[in-house]
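Per-entry structural report
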Amino acid sequence: MRRLLIFMIIVLYPVALHAYRMPEYKIGKADWNEPAEQVFVRLSEKRGEIAGVVSISRLENYRRCHNCKLSRREAKAYAQYLKLEVPYEFWKFVVDLKKDLVGIGGKPSIAEADLMAKKIIQKLYDLSNEYRIAGSALINNMLVNMKMKNKGFCYQYTDALRKMLKKSSWQHFDFHWGAAHDKTWLENNGLVITAKGKPFESGIVVDSWRTASRPYWTFVKGDRYPWKKLTNVRIEEHER
C-alpha cells in the first residue's frame, strides 16, 4: 500500500504542483504606500482594455482549447492578459481581505487594515512556494508525514503568520491562535483576527491550510470548524 501511495504521488506530483501552488509575486515598493483599491483599479482598467479587444471568456476558452486560434490582435491581447493575471488575482485577494478587516475594525482601521491585508496575502503567497505546496491539504500532510516534504501543516501556516504580524504594532486589531478539534486527528489551526479588545468569536480566521495555501479566510462564527482560542502556544524549531 505504501509503495502504491508513493507511486501515485510521483505520477500526480507535477499536476498537483501546477494546480495548487500559488504563483510567485512580490508587492512593489510603491504599492505598499498606495491604498490597495487604487492598485486594483489600475489593474482592472487594464483588464477592461483587454476585454475591449477580445472577451475574457474567449481568452479563458483559448487557454483550455489547444485547437482554437486567435487573430494577431487577439494573440497580443492574450499575452497581455497572461501577464496581468497574477497581479490581478493577488490584489483582488488583498482588496477583499481589507474589506472584511475594515468590516470588523471600523472606519478608523482603514489604513491599518490595508497594511495588514497586504502583509497577510503576501505571506501566504510566499508560504505556498516555501512549503512547495503540491495537491490538497491532506495530500500535503501525507507528504510531510512521509518525510517527502518538511512543511505544510496547518499549525505552520498559523505560526508563520503570527510571527510576521508580531513584527508590527497594531492599534486597531488583535490576533489569536485558533484551534478546532484540538488534540484530535481532525485538528486544525488558524490565525484569528479581531478588532482590538473584541471577543474571539467576532473575528476572522485565516486558514489557508484547508485550501492548500490559496488565500482563504472566513468569519469564526458560522464556520464549519468549531474554533476555540488557545493561549501561550509555543512552536519549537525542531517541530515539523
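Criteria and cut-off values
Residues numbered from 1 in each chain as written. Predicted model: local features only at pLDDT ≥ 70, side-chain atom pairs only at ≥ 80, totals over all residues. Heavy atoms only, no water. Helix = DSSP H or I, 4+ residues; strand = E, 2+ residues; numbered from the N terminus. Buried < 20%, exposed > 50% of the residue type's maximum accessible area, 1.4 Å probe, protein only. Contact = heavy atoms within 4.5 Å. Areas by Shrake-Rupley, 256 points an atom, 1.4 Å probe, with all protein chains shown as cover. Phe/Tyr/Trp six-rings, centres within 6.5 Å; stacked < 30°, edge-to-face > 60°. Lys NZ or Arg CZ within 6 Å of the ring centre and 35° of its normal. 1 Å grid on protein atoms, 1.4 Å probe; cavity = no way out; pocket = protein on both sides within 12 Å on 5 of 7 lines; lining within 4 Å. Points joined across faces, edges and corners; volume = space filled by probe spheres on them. Nonpolar A, V, L, I, M, F, W, Y, C, P; charged D, E, K, R; others polar. Pairing = 2+ DSSP bridges. Axes fitted to C-alpha atoms, helices over the stretch in contact; angles between N-to-C directions.

Some words on the overall build of the protein chain
A count of helical and extended segments in the protein chain gives eight helices and five strands. Seen along its three principal axes, the alpha-carbon backbone of the protein chain occupies a region of about 60 × 55 × 30 Å. Burial statistics for the protein chain: of 240 residues in total, 43% are counted as buried. Expressed as a percentage of contacts within the protein chain between residues at least 6 apart in sequence, the contacts between residues at least 24 apart total 60%. Of the accessible surface of the protein chain, which amounts to about 13,900 Å², a share of 55% is contributed by carbon and sulfur atoms.

Describing the packing of aromatic side chains
Two aromatic rings, taken as a pair, are described by how far apart their centres are and by the angle between their planes. Summed over the entire model, instances satisfying the criterion amount to nine aromatic pairs. Look at Y25 and F90: their rings are 4.5 Å apart centre to centre, the planes differ by 40°, and that puts the pair in the tilted class. A residue pair is termed long-range when its members are at least 10 positions apart, and Y25 in the loop between α1 (2–20) and α2 (29–32) and F90 in helix α5 (residues 72–105) qualify at 65 residues. Of the two residues, Y25 and F90, both sit in the buried class. Joined through ring pairs, the aromatic side chains of Y25, F90, W91, F93 and Y125 make up one cluster. Directly above the aromatic system of Y88 lies the positively charged group of R47, at a separation of 4.4 Å from the ring centroid.

Thoughts on empty space enclosed by the protein
Counted according to the given criterion, the structure contains one cavity of 30 Å³ or more. The calculated volume of the largest cavity comes to roughly 40 Å³. Taken together, L124, Y157, T158, L161, N189, G190, L191, V206, D207, S208 and W209 make up the lining of the largest cavity. Sorting the residues of the lining of the largest cavity by element identifies α8 (154–166) and β2 (188–195) as the ones contributing at least two each. In terms of residue class, the lining of the largest cavity is made up of six nonpolar, four polar and one charged.

Looking at the sheet that holds strand β4 (residues 217–219)
Strand order in the open sheet formed by five strands is β4-β3-β2-β1-β5, and the pairing between neighbours is antiparallel. The open sheet terminates on both sides in strands that have one partner only, identified here as β4 and β5 (228–230). Along the sheet, successive strands turn relative to each other by an average axial angle of 40°, direction set aside. Pairing of β2 with strand β3 (residues 204–206) involves three bridges; the strand directions are antiparallel. Residue pairing for β3: L191 is matched across the bridge by V206. Against the sheet, helix α6 (residues 110–130) contacts β1 (173–180), β2, β3 and β4, and its axis sits at roughly 40° relative to β1. On top of the sheet, α8 reaches β1, β2 and β3; it is set at about 30° to β2, its chief contact.

Some words on unusual backbone geometry
Of note, the phi angle at S213 is positive, near 85°, even though the residue is not glycine. Here S213 lies in the loop between β3 and β4. Backbone geometry at N232 places phi at a positive 55°, although glycine is not the residue there. Residue position: N232 is located in the segment after β5.

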